[in-house]
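# Survey of secondary and tertiary structure
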Amino acid sequence: MTVTYTARVANARFCSFSKLLLAWKGSIYRLLYKEFLAFFALYAAISFTYRFFLDDDQKRYFEKLAIYCNHYSSLIPMSFVLGFYVTLVVNRWWSQYTSIPLPDRLMCVLSGGLQGSDERGRLLRRTMMRYASLSALLILRSVSTAVFKRFPTMDHVVEAGFMSREERKKFEGLHSPYNKYWIPCVWFTNLAAVARCEGRIKDDHTLKLLLEELNAFRGKCSMLFHYDMISVPLVYTQVVTLAVYSFFLVCLIGRQFLDPTQGYPGHDLDLYVPIFTLLQFFFYAGWLKVAEQLINPFGEDDDDFETNWLIDRNFQHKSDQKVRLQVSMMAVDEMYGDLPMMERDRYWNDSNPRPPYTAATLFDLRKPSFQGSTFDMAIPKEEMHFQPLEDIAENLEESASRHPNMALFNRLLNAAPSPSGLVGGALRRTSAQLQRLRHSPSIDQCTSDDDDDESCKLGKGGSLPLGLGQETQSTVCSFREEKPLLDIQFRVEKSDEEGQEKAESTTANAQVMSQLPPPPRASPQPASRFTIAPHHPSAFLFNPAAHSSLEHCSSQPVINRDKAAPAVLHAPFGGSKTSFLAVPSHNEPQRFRSVSMGSELTGS
């Protein structure tokens, strides 16, 4: 029977596993002691011959051979070969166990799906369950030596009660060169169809569920048959076996203790007994024995599957001329319709039921319930208050003004996934804004301090032109000195459609502004202008002697729509050369201002 030691290692205590080393049944000592004694006897015989039966010349030659064998024995990859092989065998061993057909699911569906407490209903349930048991017995008899010894012939199967004589005649009358374990499953399906026609299976869904469980049961029988037919490739097993045995045959000579007076490296001691070589044999050869034992778990080794016990547990069998009912037959026969009387449970009126504890388990009651890994995490009180979103936005603006280069880089990354997308998107937005400004019927007028009828300051009763209030992208320019800013001028012609196309082409040139280096510092002079001629789309004039120190221009998302930088808009009408956008200078140092193209304006 399989050696079970699970309860002995339920608690990891001091030397809990060491106690298992004294077990004999199912142990590595019982499995390996014969090979171990043979290896030690051969080693002792070679050592005895070297010490007492060889002359000096023969000893010198043997010593050279031993050094040669010890040097090249490390070329055999023992750990690599054995590790993969044993892993494959252990996985295959557990998969075979999970493929053993168990009747539990099938018997539950059959007991609840096939109705009828009369003799006919009882006969149908018992016969169908016996057919499933017969199918499992036939496949186990084909793969397990222990089951075959118990049922060597079909007469033993009939005598055990798994098959009637009439069923045996039909079974043997179906001639097939292949294993016929599946025939009882077909009989099961035929009986299920009969029960459906008789109305004992109430609907097609129940019949479908019953047949699905039968197919799963039959599929496990088929998997056991295929595991028995398809083994681990023979070449793999041969390679591993040859590697282990050849390695230790070489060790019989290479691990000999040589005469210390000869001065060979590593042979300063003469211990007579190769302790570490014996341990190495114990581990490697024991590893191979584990694979040999698990490669076919349907034999009669200590750790092979108890297939006969499974038959006794799951199915019926004869003992002392009486048929004893086991799990499957009990579920579909004696337990059919047998229900205990329903009554209120002990905690019927208890809103917080708690099962009792014994004195040995009171320590479990004292343990607090788990609330989460952050349940006991401590946070200072000053960090628990919510912060207003306006303060967060101001902090972001202040950090951007302190580190403009870093803010520019982050905005570029956030605004444009790729350089081509950034340029193309800015050109499209600027072109669309120019079209809206050209065709805009009017612009709100407001009072100005400079008596300029064509200008309008934002933030003093003025309104943004169509499209400037949209939350898209904005071109931000940062200046650090109290100097006049730049005046951007556009020349547009309203005469024909060609003028409109030329005005659109000027928007592409305006984008060059973001790629120009900052101008050198110079003495204060009047404000410089950028002039874009319609006949020269690429003409973008820049005066290096400009008074403004342009740090950066970037395309960024809008942060705050309520704070707009003061700007002067010159209406694009009434002349061949009109100022489109002009940003006046202010006497406020370290101002953060922006010129917006088709988006909302931001600033400090």
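The structure displayed is predicted, hence computed values, not measured ones. (Residues numbered from 1 in each chain as written. Predicted model: local features only at pLDDT ≥ 70, side-chain atom pairs only at ≥ 80, totals over all residues. Heavy atoms only, no water.)

On to the overall build of the protein chain. Each helix and strand counted, the protein chain has 19 helices and nine strands in total. Burial statistics for the protein chain: of 604 residues in total, 38% are counted as buried. Partitioning the contacts of the protein chain with sequence separation of at least 6, the portion at a separation of at least 24 is 73%. (Helix = DSSP H or I, 4+ residues; strand = E, 2+ residues; numbered from the N terminus. Buried < 20%, exposed > 50% of the residue type's maximum accessible area, 1.4 Å probe, protein only. Contact = heavy atoms within 4.5 Å.)

Moving on: the UniProt feature "transmembrane region" (unreviewed entry) in the protein chain. Mapped onto this structure's residue numbering, the UniProt feature "transmembrane region" (unreviewed entry) falls at residues 36–54, 75–94, 128–148, 234–257 and 269–288. Between the C-alpha atoms that bound residues 75–94 the distance is 33 Å, and the span itself is 85% helix and 0% strand. Between the end C-alpha atoms of residues 269–288 there is a gap of 31 Å, over a span that is 70% helix and 0% strand. (UniProt positions renumbered as here; feature names shortened; annotations may be inferred.)

Let's shift gears to a nonpolar patch on the surface. Together, F40, Y272, V273, I275, F276, L279 and F283 line one region of the surface with nonpolar side chains, adding up to about 750 Å² of accessible area. Counting residues per element, the nonpolar patch draws most heavily on helix α12 (residues 275–294), at four residues. Mapped onto the fold, F40 is located in helix α1 (residues 28–52). (Patch = residues over 30% accessible without salt bridge, like charges linked within 9 Å, V, L, I, M, F, W, Y side chains within 5 Å. Areas by Shrake-Rupley, 256 points an atom, 1.4 Å probe, with all protein chains shown as cover. Salt bridge = Lys/Arg side-chain N within 4 Å of Asp/Glu carboxyl O.)

Okay, the side chain of S99 next. Note on placement: S99 falls in the loop between α3 (78–98) and α4 (104–113). Judged by relative accessible area, which is 8%, S99 ranks as buried. Separated by 2.9 Å, the side chain of S99 and the backbone oxygen of S95 make a polar contact. Aside from chain neighbours lying at most four places away, what touches S99 is K220, C221, M223, L224 and Y227. (Polar contact = N/O pair within 3.5 Å; in protein donor to acceptor, adjacent residues only side chain to side chain.)

Turning next to the nonpolar core. If you look at the biggest cluster of nonpolar residues, it comprises 50 residues, and the most contacted ones within it are F162 and L210. Looking at this core, the elements with two or more residues in it are α4, α5 (119–143), α7 (154–159), α9 (183–197), α10 (204–229), α13 (307–314) and α14 (327–334). Among the elements that take part in this core, α5 stands out by supplying 12 residues, more than any other. (Core = buried A, V, L, I, M, F, W, Y, C linked by side-chain atoms within 4.5 Å.)

Bringing unusual backbone geometry into the picture now. If you check the backbone angles, Y272 has positive phi at about 70° while not being a glycine. On the secondary structure map, Y272 appears in the loop between α11 (234–254) and α12.

What follows is about the packing of α1 against α11. Between two packed helices, both the angle of their axes relative to each other and the distance between the axes serve to describe the pair. Contact geometry of α1 with α11 gives a least axis separation of 9 Å together with a crossing angle of 30°. Classed by the angle they form, the pair α1 and α11 counts as roughly parallel. As for how α1 packs across α11, the hand of that crossing is right-handed. Two secondary-structure elements touch here, α1 through F39, L42, Y43 and I46 and α11 through F248, C251, L252 and I253. Looking at side-chain class alone, the contact of α1 with α11 contains eight nonpolar, no polar and no charged residues. (Axes fitted to C-alpha atoms, helices over the stretch in contact; angles between N-to-C directions. Parallel < 35°, antiparallel > 145°, perpendicular 65-115°, else oblique. Left-handed = near helix turned anticlockwise from the far one by under 90°. Nonpolar A, V, L, I, M, F, W, Y, C, P; charged D, E, K, R; others polar.)

Attention shifts here to the pattern of salt bridges. On inspection of all chains with the given rule, the structure shows 17 salt bridges. Here R150 ties to D312 by a salt bridge, and the two come within 2.8 Å at their closest N and O atoms. One end of the pair, R150, is in helix α6 (residues 145–150); the other, D312, is in helix α13, with 162 residues separating them in the sequence. Salt bridges here are not isolated pairs; linked through shared partners, they connect D118, R120, E198 and R200.

Take the packing of α1 against helix α2 (residues 56–72) next. Viewed as axis vectors pointing N to C, α1 and α2 meet at an angle of 140°, and their least axial separation amounts to 9 Å. The pairing of α1 with α2 is recorded here as oblique in orientation. On the side of α1, the interface is formed by I46, Y50 and R51, while α2 contributes K59, F62 and E63. Residue classes in the contact of α1 with α2 are distributed as three nonpolar, no polar and three charged.

As a further point, take the side chain of E213. On the secondary structure map, E213 appears in helix α10. For E213, a relative accessible area of 11% translates into the label buried. In contact with E213, other than residues within four places in its own chain, are R105, L106 and V109.

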